[in-house]
Amino acid sequence: MVQHYYMVYIGPLYFIDKEAFLEKMRDYMVKQHREFIEHIKSTSLVRQFVSNVNFEPLTTSYNDCIKAVKGFRTFHIQMVTKNIIIQANRHAVDHKYEAVSKKGTGGSELIPFLKNIRLTTEQHLLKKEGQSSCPVHDITYCDN
């Protein structure tokens, strides 16, 4: 839930080719958590505000948050590698676990999928002049 929260609160962080999968993962959350994420998604204007204010210390702080999320994603990749990939390969004598090490539970290629999410997170750093480096920065979840 923490990753989903940061994705919608400090974002929107766009994962154009991954958005449907990430939203589907919310179906596995406790109902109250899912509703909380949806509420934050529909009301958060943090990225838009920081971009519009064009105040360098605020942009720097926002970018520090994005970098922290990227760091968390790096740690997540390490934990998945250590606790899923390596363990699955260690116990793949009868190849029952081999699929898990190559494909995530949602059928995606696990490590490339996670690395792509991390790269996309990094691409959401705001430029110092307050303009987004993300090609879809002007789209917000709040557009109705």
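Residues numbered from 1 in each chain as written. Predicted model: local features only at pLDDT ≥ 70, side-chain atom pairs only at ≥ 80, totals over all residues. Heavy atoms only, no water.

To continue, consider the overall build of the chain. Secondary structure assignment for the chain yields 7 helices and 0 strands. The buried share of the chain, reckoned over its 144 residues, is 34%. In the chain, 71% of the contacts between residues at least 6 apart in sequence involve partners at least 24 apart. When the accessible area of the chain is evaluated, it comes to approximately 8,900 Å², of which 58% is carbon and sulfur surface. (Helix = DSSP H or I, 4+ residues; strand = E, 2+ residues; numbered from the N terminus. Buried < 20%, exposed > 50% of the residue type's maximum accessible area, 1.4 Å probe, protein only. Contact = heavy atoms within 4.5 Å. Areas by Shrake-Rupley, 256 points an atom, 1.4 Å probe, with all protein chains shown as cover.)

This next bit is on the nonpolar core. One broad rule of soluble globular proteins: the nonpolar side chains tend to lie buried together. Judged by nonpolar contacts, Leu 22, Ile 77, Val 80, Ile 85, Leu 110, Ile 111, Phe 113, Leu 114 and Ile 117 together constitute the single largest core of 9 residues. The set of elements that each furnish at least two residues to this core consists of α5 (56–90) and α7 (110–122). The dominant element in this core, judged by the number of residues it contributes, is α7, at 5 residues. Excluding residues within four positions of it along the chain, Leu 114 makes contact with His 76, Ile 77 and Val 80. (Core = buried A, V, L, I, M, F, W, Y, C linked by side-chain atoms within 4.5 Å.)

Quick look at α7 now. Relative to the 18 Å expected for 13 residues at 1.5 Å per residue, α7 spans 19 Å between its end C-alpha atoms, a close match to the ideal helical length. Along α7, the residues classified as buried are Leu 110, Ile 111, Phe 113, Leu 114, Ile 117, Thr 120 and Thr 121. (Expected span 1.5 Å × (residues − 1).)

To continue, consider the confidence of the model for the chain. With 65% of its residues at a pLDDT of at least 70, the chain reaches an overall mean of 74. Residue range residues 130–144 is modelled with pLDDT below 50. Its contacts to residues more than four positions away, or to other chains, number 35 contacts. (pLDDT = per-residue confidence, 0-100.)

This part covers the packing of helix α4 (residues 46–53) against α5. Contact pair α4 / α5: the axes reach a minimum separation of 8 Å and the direction vectors enclose 145°. The two elements α4 and α5 meet at a crossing, and its hand is left-handed. Residues Val 46, Arg 47, Phe 49, Val 50 and Val 53 of α4 lie in contact with α5, whose contacting residues are Leu 58, Thr 59 and Tyr 62. Residue classes in the contact of α4 with α5 are distributed as 6 nonpolar, 1 polar and 1 charged. (Axes fitted to C-alpha atoms, helices over the stretch in contact; angles between N-to-C directions. Left-handed = near helix turned anticlockwise from the far one by under 90°. Nonpolar A, V, L, I, M, F, W, Y, C, P; charged D, E, K, R; others polar.)

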